[in-house]
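If you want the building blocks of each chain, they are given just below.
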Amino acid sequence: MGKVIEQTLSDLKPEATYFTAEGGWRTAYLFLEVKDSSDMPYVAERFFFAFNATVELIPVMSVDELKKGLPRAMAALAG
């Protein structure tokens, strides 16, 4: 397990990584940039194959990205 985790962290270069237990399951939180949705299999498949894991990808944005996207959202709401 250790070698797979080491290699994964080396490959993905997350900004931050935390390990814990959630609901009685081993859990890892990796914060990384996925620039395109086609990169998601590269991130997730290694966990499926190595650990038979459940993987949840949750998109988030920075404050700058929110500022960039809000005008478009407001324009769409205004009709």
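In short, a report on the structure. Just so it is clear, the model here is predicted, and its values are computed rather than measured.

Turning next to the packing of aromatic side chains. Applying the stated criterion across every chain yields a total of one aromatic pair. Plain terms: the ring middles of Tyr18 and Phe31 are 6.1 Å apart, the flat faces sit at 80° to each other, and that makes the pair edge-to-face. Of this pair, Tyr18 sits in strand β1 (residues 16-22) while Phe31 sits in strand β2 (residues 25-31), placing them 13 residues apart in sequence. Overall, Phe31 belongs to the partly exposed group, its relative accessible area being 44%. It is Arg46 that lies over the ring of Tyr42; its NZ or CZ is 4.6 Å from the centre.

A few words now on a negative patch on the surface. A cluster of acidic residues, Glu15, Glu33, Asp64 and Glu65, forms a negative patch at the surface. Within the secondary structure layout, Glu33 lies in the loop between β2 and α2 (40-51).

How each quantity is defined
Along each chain, residue indices are assigned from 1 in the same order as the chain's sequence is written. The predicted nature of this model means local features are confined to residues of pLDDT at least 70 and side-chain atom pairs, given and counted, to a pLDDT of 80 or more, with totals for whole chains, interfaces and linings taken over all residues. As a rule here, side-chain values cover all heavy atoms of the structure and leave hydrogens and water aside. Between the rings of Phe, Tyr and Trp (Trp by its six-membered ring), a pair exists once the centres lie within 6.5 Å; its type follows the angle of the planes, with under 30 degrees stacked, over 60 edge-to-face, and the other angles tilted. In DSSP terms, a helix is any run of H or I states spanning at least four residues, a strand is any run of E spanning at least two, and both are numbered starting from the N terminus. Partly exposed describes any residue whose relative accessible area lies between the buried limit of under 20% and the exposed limit of over 50%, with all areas from a 1.4 Å probe on protein chains only and scaled to the type maximum. Put simply, a charge is over a ring when the Lys NZ or the Arg CZ is close to the ring centre, within 6 Å, and near the line of the ring normal, within 35 degrees. Residues forming no salt bridge and having over 30% relative accessible area are the ones grouped into patches, like charges within 9 Å of each other and nonpolar side chains (Val, Leu, Ile, Met, Phe, Trp, Tyr) within 5 Å. To measure how exposed things are, a 1.4 Å probe is used in the Shrake-Rupley method; for residues, cover is taken only from the protein chains shown. What counts as a salt bridge is simple: a side-chain nitrogen of Lys or Arg found within 4 Å of a carboxyl oxygen of Asp or Glu. Think of it this way: Lys and Arg go in the positive column, Asp and Glu in the negative one, and His and the chain ends go nowhere. To locate a charge, take NZ of a lysine, CZ of an arginine, CG of an aspartate or CD of a glutamate.

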